[in-house]
Amino acid sequence: MSAPMNFSIPADLKKYLADLDAFIETQILPLQHKDDNNRFFDHRREHARTDWDAGGLPRKEWEDLLAESRRLADEAGFYRLSLPKKYGGQNSEDGRGSNLWMAVIREHLAAKGLGLFNDLQNEHRLKAESYEWTLNMPTDHATVSIKDVWVPESAALGPIHNGLGVAQAFVHENRIRQAASSLGAAVYCVQQSVEYANERAPFGTPLSHNQGIQFPLVELATQCEMLRQLIRKTALEMDSMPHHEIERKIGDKVSMCNYWANRLCTQAADRAIQVHGGNGYSRHYPFEHIWRHHRRYRITEGSEEIQMRKIAAYLFGFGGRKSLVDATKQESKL
């Protein structure tokens, strides 16, 4: 029999979140409010970040601000958490930097809303041949090229000829962490909508007294609660097995978390816009930015259709999956 699942957050992770919040309050928020840096986060954010005359690329001032925040985070020991200690990280056998830790942290930050502490847009590029104008600007989609790149043997990650395993490890970890971020953003949208509905009282009655306001938010809040448990359970299981076993044993659960979280986030952002009415449609509120950013994750990171196709492969035994599913079931009986 498998050991019982513990859904409580470890005490050392709770302390880490508290330390992270203190760092944000004392270091990151003052930087965000310095000079006119808030232009990158208020209603001016898209224009402030985008150099329209340079193909829609990020403005230098915006990238300089991100670089400074990264420097502060690195000095404080927060930037490389999930990396091995030999690379300046804190990943260790006690769980620090694990998939569970990263999922909890990513949700925690996204649930705080938008700001320099949790920006949605900062990409890095090798040489870019062209840039695409997208729904979410500054542009973060480019055609890149790599020529005459020599990779020394010392730079190889893991055993030679194990590239697929490394790639799959990245995909699984990235998908579960992205799911956690989308969940956090969804929680933020729901919480802000509840607060607004309680405060906004047209004709003397709060909006929250209207079941047409209540029920959609109840459904979203319920889905957030259920998704959180699946994300953390899946992350914990990922931490308990070698990378090469994740795809075979719980790849479908990773896909479930990812595609549903990204969809849920866009639904929550859309509902927040609706609840806030004209204010929600305004760029003075962050919901349109959350929707634009997270909408792309229903296409990137493996589209919804690709994720659902993978789940179907586990469920119905497509593409030789049946033998893997049966083997996994057999192992669970042992």
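Look up: the structure comes first, before these words.
Now for a description of the structure that goes with this document. Everything numeric in this text was worked out from a predicted model, so none of it was measured.

Points about the pattern of salt bridges
Consideration 1: By the definition in use, this model includes 24 salt bridges.
Consideration 2: Where Arg283 meets Glu46, a salt bridge forms, and the shortest distance between an N and an O atom there is 2.9 Å. With a gap of 237 residues between them, Arg283 in the loop between helix H8 (278-281) and helix H9 (287-295) and Glu46 in helix H2 (residues 45-49) connect regions that are remote in the sequence.
Consideration 3: Note on Arg283: relative accessible area 36%, which makes it partly exposed.
Consideration 4: When its relative accessible area of 15% is taken as the criterion, Glu46 is described as buried.
Consideration 5: Residues Arg283 and Glu288 are paired through a salt bridge, measuring 3.8 Å at the closest nitrogen-oxygen approach.
Consideration 6: Note on Glu288: relative accessible area 12%, which makes it buried.

What to know about the side chain of Asn99
Consideration 1: Among the structural elements, Asn99 can be located in helix H4 (residues 99-110).
Consideration 2: When its relative accessible area of 4% is taken as the criterion, Asn99 is described as buried.
Consideration 3: A polar contact is formed between the side chain of Asn99 and the side chain of Arg177, at a distance of 3.4 Å.
Consideration 4: For Asn99, the residues in contact, after removing those within four places along its chain, are Glu173, Ile176, Arg177, Ala235, Met238 and Asp239.

Regarding the environment of Ala186
Consideration 1: Tracing the backbone shows Ala186 in helix H5 (residues 163-199).
Consideration 2: Taking C-alpha positions, Ala186 is 7.5 Å from Ala111, a pair spaced 75 residues apart along the chain.
Consideration 3: Look past the residues within four positions of Ala186 in its chain and what remains in contact with it is Cys224, Leu264, Cys265 and Ala268.

Describing the side chain of Ser98
Consideration 1: For Ser98, the position within the fold is in the loop between helix H3 (60-75) and H4.
Consideration 2: Once you skip the residues sitting within four places of it in the chain, Ser98 turns out to touch Arg177 and Asp239.

What to know about unusual backbone geometry
Consideration 1: Pro138 follows Met137 through a cis peptide bond whose omega is 10°.
Consideration 2: Here Pro138 shows up in the loop between strand S3 (127-131) and strand S4 (142-145).
Consideration 3: Although it is not a glycine, Asp35 sits at a positive phi angle of roughly 50°.
Consideration 4: Topologically, Asp35 is positioned in the loop between helix H1 (11-32) and H2.
Consideration 5: The class for Asp35 is exposed, based on a relative accessible area of 70%.
Consideration 6: One non-glycine residue, Asp148, lies in the positive phi region at around 50°.
Consideration 7: For Asp148, a relative accessible area of 82% puts it in the exposed group.

The rules behind each value
- Residues numbered from 1 in each chain as written.
- Predicted model: local features only at pLDDT ≥ 70, side-chain atom pairs only at ≥ 80, totals over all residues.
- Heavy atoms only, no water.
- Salt bridge = Lys/Arg side-chain N within 4 Å of Asp/Glu carboxyl O.
- Helix = DSSP H or I, 4+ residues; strand = E, 2+ residues; numbered from the N terminus.
- Buried < 20%, exposed > 50% of the residue type's maximum accessible area, 1.4 Å probe, protein only.
- Polar contact = N/O pair within 3.5 Å; in protein donor to acceptor, adjacent residues only side chain to side chain.
- Contact = heavy atoms within 4.5 Å.

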